[in-house]
Amino acid sequence: MQSSESSLESASPFMITSRSVIVDHERTSDSPIIDKVQRVVWRSTLLASLHCRPSACVVLPRRFMRTISPDEATTGKQTTASTTSTPSRQTTMAQATTGAAAPTEALAFCDFVNVAPTPFHAVAEGVKMLEAAGFVRLKEGHSWETSEPRVKRGGKYYVTRNASSIVAFAVGEAYKPGNGFSIVGCHTDSPCFKIRPVSKADKSGFASVACETYGGGLFHTWLDRDLGIAGRVVVSDSSTSKSDSGYTSHLVNIARPVIRIPTIAIHLERTQNETFKYNLETEMVPIIGMVDKTLNAPVPTTATAAQPTNPLDLSAHHQPMLLSLLATSLSEITGKTIEPQQIHDFDLSLYDVQPSVVGGALNEYIFSARLDNLFSSFAALTGLAQGTASASSLSSQEDVKMIALWDNEEIGSVSAYGAMSNFLESILHRVASTLAVEGEVKDHTVVHTTLANSYLLSCDMGHSIHPGYPQKHQANHAPLINAGPAIKTNANQRYASTAQTIFLLRRVAALAEPAVPLQEYEVRNDMGCGSTIGPLVSRLGIRTVDIGCPQLSMHSVRETGGSKDIGSLIRLFETFFRHFRAVDRSFVTAET
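An unreviewed UniProt entry annotates the protein as aspartyl aminopeptidase originating from Mixia osmundae. Heading Cofactor (unreviewed entry) of the UniProt record for the protein holds this comment: "Zn(2+)".

Here's what the structure looks like:
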């Protein structure tokens, strides 16, 4: 069950490693937004941490860490002496020997990604961050002109679709109809394994959960990992099959190792070190337990010989132990007893339960799942929250500041809530039209004027030069971790950047305090070029630039990014939201 903010403040979580016991309540940031975000986003990763290798030192959120006495480690009872926080207490053995503190923004990101195993959870945590910063929910099915809350100047709003995509925006009080929208675009999804609609499969005495691969993942990296289950589940309000029963949707997160995809032993397949090949369907088999008549007994059903199985009954589709795990988790979340037969559908994914951490001898790296692209999404959420935090932040602003975080980028963005959908376009039209009515402007072309004056900063992670494969980068376009975001260009428009859109970004980066360094990325002529949301959204006629922070091991179950880059990206976005309108106005072209 999710803890309230007050219970988090009074909680006293601790973690035992092979070398130390560390808990810490010290303040992590002078930024009220970062501090608020950490308190809202943080959920205990202790359970998952206890399943890591004994030698692993897991960095818990610094706000909830303090040194504890041996007695407290043994008994779990807090002593009086241990209630005093230790100033500048380092959170890893590496920090203790080098004195290199992990950046606050990197720790805040780790807190975020550790409770965001799916796009649903990422959006839910984003909603908490936005609401803590004063944003209010709008619903697509309601009027934004006549229903409360109404879209108006000085307001801050967000809209979700499918609970896996979100658009948030803040309207400048000096906004005039036809003025542009300053937009940051990212995506919320990452490659993973998704549980099939009929997942029950018993193989050679093992209870298996059949999955479908999602996106272009490095799926061999999922072998021999501790995997949890997370996603969205539809349940009925009653364990009976009454037709008038209500139905609700809940997020679940089974944050412990319940599934494993085992490799074959070297003794049984001697060629693995020379040519490692595997069949995704037949050889990558997620196992959840052993086939046992008692432990894996069928879920009770109301079907009889005279009455066919209810279409809502999933008991024959999935392992009973899987349904029981979900029911237990849902019972904890709702505070009500949920039976397996109340589960009627779900969108569930597997994920690696090893927590995201700051690492490296000098804490220069972030070792994490889903860097692509929750790294950018978290920076966008934080940048918008901080850029509109003060009471006067919107008072003289003439534009609409917006973020758009889409699902399904990894599979082409072709969905009702992907970047190729009408989600952003619809909101742009509705907001521009509503504000025009509020300003008593009757110009029917105001939406087109707004699009022409808008600008999209499309941000998706990029490829750092690899120490083992430096030849994979073009010699003069080889970005490096922790050296700032990279501008992505491609002559064949796989990226939407142009000289003019890049120039505007450079102006924004120079205005940041301190200035944000920018790098360049362009693919080699003898290699194919990837793409992202930028070209898809630019079809609306919005000026666009594509950027991304460099990382290693993209699409692996564990990726590597820069702990300094997250702060640089947040600073870039915050500066963009505060100053882009003035920067854009100062750049005159034949079309302006």
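**Student:** Outline the sheet that holds strand E14 (residues 357–359), supporting the account with residue identities and numerical values.
**Tutor:** Remark on secondary structure: sheet strands pair via backbone hydrogen bonds, oriented parallel or antiparallel. Read from one edge to the other, the open sheet built from three strands follows the order E14-E15-E23, with strand pairing classed as antiparallel. Each of the sheet's edge strands pairs with one partner strand only, and the pair in question is E14 and strand E23 (559–562). Here the average twist between neighbouring strands, direction ignored, is 35 degrees. Pairing of E14 with strand E15 (residues 365–368) involves three bridges; the strand directions are antiparallel. The residue bridging Gly359 from the neighbouring strand is Tyr365, located in E15. Its contacts with the sheet put helix H6 (residues 104–114) on E14 and E15, and the angle it makes with E15 is roughly 5 degrees.

**Student:** Can you lay out the sheet that holds strand E21 (residues 543–548) for me, pointing to particular residues and giving the numbers?
**Tutor:** With respect to topology, nine strands assemble into an open sheet ordered E4-E5-E6-E16-E7-E17-E21-E19-E20, the strand pairing being mixed. Since the sheet does not close on itself, it has two edges, and those belong to strand E4 (136–137) and strand E20 (519–521), each with one partner. Pairing of strand E7 (residues 181–187) with strand E17 (residues 455–459) involves four bridges; the strand directions are parallel. Across the sheet, the residue bridging to Val184 is Leu457, located in E17. Packing against the sheet, helix H9 (residues 371–387) makes contact with strand E6 (165–171), E7, strand E16 (400–406) and E17, and its axis sits at approximately 150 degrees to E7.

**Student:** Can you explain the pairing of E21? Please cite residues and give values.
**Tutor:** Among the six residues of E21, five are classified as buried, and the element is accordingly described as predominantly covered. Pairing analysis gives five bridges linking E17 to E21, with the strands arranged parallel. Of the residues in E21, the one forming a bridge with Leu457 is Val545. Looking at chain direction, strand E19 (residues 486–488) and E21 are connected through three bridges and run antiparallel. Residue pairing across strands places Lys488 opposite Asp546, the latter belonging to E21.

**Student:** Account for the nonpolar core, naming residues and giving values.
**Tutor:** Counting 61 residues, the largest nonpolar core has Ile547 and Phe573 as its most contacted members. If sequence neighbours within four positions are ignored, Ile547 has contacts with Leu457, Ser458, Cys459, Asp460, Pro485, Ala486, Ile487, Lys488, Leu505, Leu569, Leu572 and Phe573. Ranked by size, the runner-up nonpolar core spans 34 residues in total, among them Val235, Val252, Val258 and Met284.

**Student:** Let's hear about the pattern of salt bridges: which residues, and what values?
**Tutor:** Counted according to the given criterion, the structure contains 14 salt bridges. One salt bridge connects Asp347 with Arg232, and the closest N-O pair in it is separated by 3.0 Å. Of the two residues, Asp347 is situated in strand E13 (residues 343–352) and Arg232 in strand E10 (residues 227–236); the sequence distance between them amounts to 115 residues. Residue Asp347 is classed as partly exposed on the basis of its relative accessible area, which comes to 38%. Two residues, Arg581 and Glu398, come together in a salt bridge whose shortest N-O distance is 3.6 Å. Of this pair, Arg581 sits in helix H14 (residues 565–585) while Glu398 is found in the loop between H9 and E16, placing the two residues 183 residues apart along the sequence. A residue is classified by how much of its surface remains accessible, and Glu398, at 24% relative accessible area, is partly exposed.

**Student:** Quick one: what's the story with the environment of Ile338, residue by residue and with numbers?
**Tutor:** With respect to the secondary-structure elements, Ile338 resides in the loop between helix H8 (320–334) and E13. For Ile338, a relative accessible area of 11% translates into the label buried. In the structure, Ile338 is positioned 103 residues away from Val235 in sequence and 8.3 Å away in space, judged by C-alpha atoms. Those residues in contact with Ile338, other than ones at most four positions away along the chain, are Ala327, Leu330 and Ser331.

Reading the values: rules and limits
- Residues numbered from 1 in each chain as written.
- Predicted model: local features only at pLDDT ≥ 70, side-chain atom pairs only at ≥ 80, totals over all residues.
- Heavy atoms only, no water.
- UniProt positions renumbered as here; feature names shortened; annotations may be inferred.
- Pairing = 2+ DSSP bridges.
- Helix = DSSP H or I, 4+ residues; strand = E, 2+ residues; numbered from the N terminus.
- Axes fitted to C-alpha atoms, helices over the stretch in contact; angles between N-to-C directions.
- Contact = heavy atoms within 4.5 Å.
- Buried < 20%, exposed > 50% of the residue type's maximum accessible area, 1.4 Å probe, protein only.
- Core = buried A, V, L, I, M, F, W, Y, C linked by side-chain atoms within 4.5 Å.
- Salt bridge = Lys/Arg side-chain N within 4 Å of Asp/Glu carboxyl O.

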